[in-house]
Amino acid sequence: MEQTFIMIKPDGVQRGLVGEIIGRFEKKGFTLKGLKFITVDRAFAERHYADLSAKPFFNGLVEYIVSGPVVAMVWEGKNVVSTGRKIIGATNPAESAPGTIRGDYAIDIGRNVIHGSDAVESARKEIALWFPEGIAEWRSSLRSWVYEE
Ligand code: IDP
Ligand code: MG
């Protein structure tokens, strides 16, 4: 089953959106496989966003991510990477549809509340980076109520 890495950024934590965001993924039917509340350092944030190191906003982005604790999660389900991105909305909240997390709760691109992996391969790398200890092994008993199988 596909997995994705989702992170509630420091602004999402500070603004009290943790329960709301987790609720959206839970209610959709996805399965929580990993969760930690963690403050990362610059070197770690730079690794997470290594692909963006040449961007003019890279330094500000790293400062943003290290500015407070984040909620790092692994969610599992059919097409969870692309559906997760739809639940999150466009990178720039000005272009995120209402009903998406960024569309409902954010205004500026540099304070857009949440991260979600953009592809199965980047999800695999991000999960390995954030959860080197591995993640929970469990199977939801709701599975046959969510999937036709
Ligand atoms: P994504 O989070 O939707 O995948 P990316 O292009 O991977 O978007 O960018 C990572 C993060 O960098 C964004 O979520 C946002 O916080 C920040 N970011 C992207 N573009 C800009 C920008 O033009 N100015 C400031 N921050 C930006
Ligand atoms: Mg991205």
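Quick caveat, the model's predicted, so the values are computed rather than measured.

(A) Just the overall build of the protein, in detail. Looking only at helices and strands, the protein features 8 helices and 4 strands. In the protein, the succession of α and β elements from N to C terminus is β-α-α-β-α-α-β-α-α-β-α-α. Computed over the C-alpha atoms, the radius of gyration of the protein is 15 Å, within 12% of the 15 Å expected from 2.2 N^0.38 for a compact globule of 149 residues. The dimensions of the protein, computed from C-alpha atoms along their principal axes, are 45 × 35 × 25 Å. Considering only intrachain contacts with a sequence separation of at least 6, the fraction spanning at least 24 residues in the protein is 77%.

(B) Spatial organisation of the UniProt feature "active site" (unreviewed entry) in the protein. The residues that UniProt annotates with the feature "active site" (unreviewed entry) are His115. Relative to the helices and strands, histidine 115 is located in strand S4 (residues 114-116). Take histidine 115: its relative accessible area is 9%, and that puts it in the buried class. The contacts of histidine 115, once residues within four sequence positions are left out, are Phe5, Ile6, Met7, Lys9, His48, Tyr49, Ile88, Arg102 and Glu126.

(C) Expanded view of the side chain of threonine 31. Within the element layout of this structure, threonine 31 appears in strand S2 (residues 31-38). The class of threonine 31 is buried, set by a relative accessible area of 13%. Non-local contacts of threonine 31, meaning those with residues more than four positions away in its chain, are made with Val74, Trp75, Glu76, Trp138 and Ser140.

Thresholds applied
Residues numbered from 1 in each chain as written. Chains lettered and ligands numbered in written order. Predicted model: local features only at pLDDT ≥ 70, side-chain atom pairs only at ≥ 80, totals over all residues. Heavy atoms only, no water. Helix = DSSP H or I, 4+ residues; strand = E, 2+ residues; numbered from the N terminus. Rg over C-alpha atoms; globule rule 2.2 N^0.38 Å. Contact = heavy atoms within 4.5 Å. UniProt positions renumbered as here; feature names shortened; annotations may be inferred. Buried < 20%, exposed > 50% of the residue type's maximum accessible area, 1.4 Å probe, protein only.

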